[in-house]
Amino acid sequence: YVVETLETVLWCLMNTRSYRECVLRCVNMGYDADSTAAIAGGLAGLYYGFDNIPKEWIDQLAAKEIINNCVAGLERFCRENNTRSFKTYWDYNWIRQSKCENMRTPLDAKPMKRDLDKFRGCLIGGAAGDALGYAVEFRSERFIRSRFGDKGITEYPLRDGLARISDDTQMTLFTANGLLFGDTRGHMRGIMGPPASYVATAYREWYKTQIETYMHCNREFITCWLLNVPGTGKHLYVGNR
C-alpha cells in the first residue's frame, strides 16, 4: 500500500506542470484519494510554493489558522536555530526529459531554501489535497467522472462554506508538532531521543482527540500544543468519520 501510494503521488508530480494540476490528477484517480492527494499536495506545495496554491482553495479550507500556527512554529524554530539552509534539488522539467537510470546533477539544479513559503506550501498544500480527496474517498475514477463530469472533481464540495479535511491533515500537524517538541528539547536541554519516539507520542496524543471531548481531555504532561487548541479533535474537526 505504501509503495502504491508513493508511485501514484510521484507519477502525478512528474507528469503535471502546476500544483493544481498535480492535485487534481491525483484526486481523480480515486480510491484512497484523501491520503494520496494529501501527500501529492504536500510535495507539490513544497515544490511550487505557497503562492501557487489556488487562492480559493486556501480561503475555503477548514482549520487553516491552526495550520498557519504550525507553520509559524516551524519557521520560528528554523530561524532561531540557524537551520534555514539551502538544498539543491533537481528541476522536474530536467528529470522529465532525462532517463532516470542515467540521472546526474543537472547544470540547472535549483536551490531550495527552508523558509516560510515552503513550510506553508507543504502543510497548506497537503491539507487542500486532503480536502479535495476526502470528498471522493474510496470512489472509483469511473464514479468520480460520472458524478462530476469528464474533468472529474475540480473544486471543493463545500459544507457550511468550508472544505472538510480528514485525519490525514490532523496527523500531519501532530507529526510536525512531535518533531518540533523533540528538536526544542534537544536545543534547550542538550539531550533528545530518536525523532520517531516524539512522533509516536504525538500520535498517541492525536488519538486522545478521537476518543475524548475537548472539555474532558487530560492535558497533563502533554507533548503537543495542538491539544490545547479547540478544533483539533474529532468533536470539532470537520473531516472525521
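Residues numbered from 1 in each chain as written. Predicted model: local features only at pLDDT ≥ 70, side-chain atom pairs only at ≥ 80, totals over all residues. Heavy atoms only, no water.

**Things to note about the side chain of Thr 169**
Right, so step 1: Relative to the assigned elements, Thr 169 resides in helix α9 (residues 167-189).
Right, so step 2: A polar side-chain atom of Thr 169 sits 2.6 Å from a polar atom in the side chain of Asp 130.
Right, so step 3: Not counting chain neighbours up to four residues away, the residues in contact with Thr 169 comprise Ile 67, Gly 126, Ala 127 and Asp 130. (Helix = DSSP H or I, 4+ residues; strand = E, 2+ residues; numbered from the N terminus. Polar contact = N/O pair within 3.5 Å; in protein donor to acceptor, adjacent residues only side chain to side chain. Contact = heavy atoms within 4.5 Å.)

**Re unusual backbone geometry**
Right, so step 1: The phi angle at Tyr 31 is positive, at roughly 60°, despite the residue not being glycine.
Right, so step 2: Here Tyr 31 is to be found in strand β1 (residues 30-31).
Right, so step 3: Not every positive phi belongs to a glycine, and Phe 138 is a case in point at roughly 65°.
Right, so step 4: As for its position among the elements, Phe 138 is in the loop between α7 (116-134) and β4 (139-140).
Right, so step 5: Its relative accessible area of 57% is what places Phe 138 among the exposed residues. (Buried < 20%, exposed > 50% of the residue type's maximum accessible area, 1.4 Å probe, protein only.)

**What to know about the environment of Thr 175**
Right, so step 1: Among the secondary structure elements, Thr 175 is positioned in helix α9.
Right, so step 2: C-alpha of Thr 175 to C-alpha of Tyr 198: the two residues are 23 residues apart in sequence and 8.6 Å apart in space.
Right, so step 3: For Thr 175, the residues in contact, after removing those within four places along its chain, are Val 199 and Tyr 203.

**With respect to a nonpolar patch on the surface**
Right, so step 1: A surface patch of nonpolar side chains, amounting to about 560 Å² of accessible area, comprises Tyr 1, Val 2, Leu 6, Leu 10, Ile 39 and Leu 43.
Right, so step 2: Elements represented by at least two residues in the nonpolar patch include exactly α1 (2-14) and α3 (33-48).
Right, so step 3: Here the nonpolar patch gets 3 residues from one element, more than from any other, and that element is α1.
Right, so step 4: The residue Ile 39 is located in helix α3 in this model. (Patch = residues over 30% accessible without salt bridge, like charges linked within 9 Å, V, L, I, M, F, W, Y side chains within 5 Å. Areas by Shrake-Rupley, 256 points an atom, 1.4 Å probe, with all protein chains shown as cover. Salt bridge = Lys/Arg side-chain N within 4 Å of Asp/Glu carboxyl O.)

**Focus: the environment of Ile 124**
Right, so step 1: Summarising the element assignment, Ile 124 is placed in helix α7.
Right, so step 2: Owing to a relative accessible area of 1%, Ile 124 belongs among the buried residues under this scheme.
Right, so step 3: Excluding residues within four positions of it along the chain, Ile 124 makes contact with Phe 50, Ile 53, Ile 58, Leu 61, Lys 64, Ile 67 and Asn 68.

**So, the side chain of Asp 32**
Right, so step 1: Mapped onto the elements of the fold, Asp 32 is located in the loop between β1 and α3.
Right, so step 2: For Asp 32, a relative accessible area of 15% gives the class buried.

**Details of the nonpolar core**
Generally speaking, soluble globular proteins have nonpolar side chains that are buried together.
Right, so step 1: Residues Tyr 19, Trp 57, Leu 61, Ile 67 and Tyr 156 are the most contacted members of the largest nonpolar core, which totals 48 residues.
Right, so step 2: Broken down by secondary-structure element, the contributors of at least two residues to this core are α1, α2 (19-27), α3, α4 (55-59), α5 (64-80), α7, α9 and α10 (195-211).
Right, so step 3: It is α7 that provides the largest number of residues to this core, a total of 7 residues.
Right, so step 4: Beyond its immediate stretch of four places on either side in the chain, Trp 57 contacts Tyr 19, Arg 20, Val 23, Leu 24, Ala 128, Leu 132, Thr 154, Glu 155 and Tyr 156. (Core = buried A, V, L, I, M, F, W, Y, C linked by side-chain atoms within 4.5 Å.)

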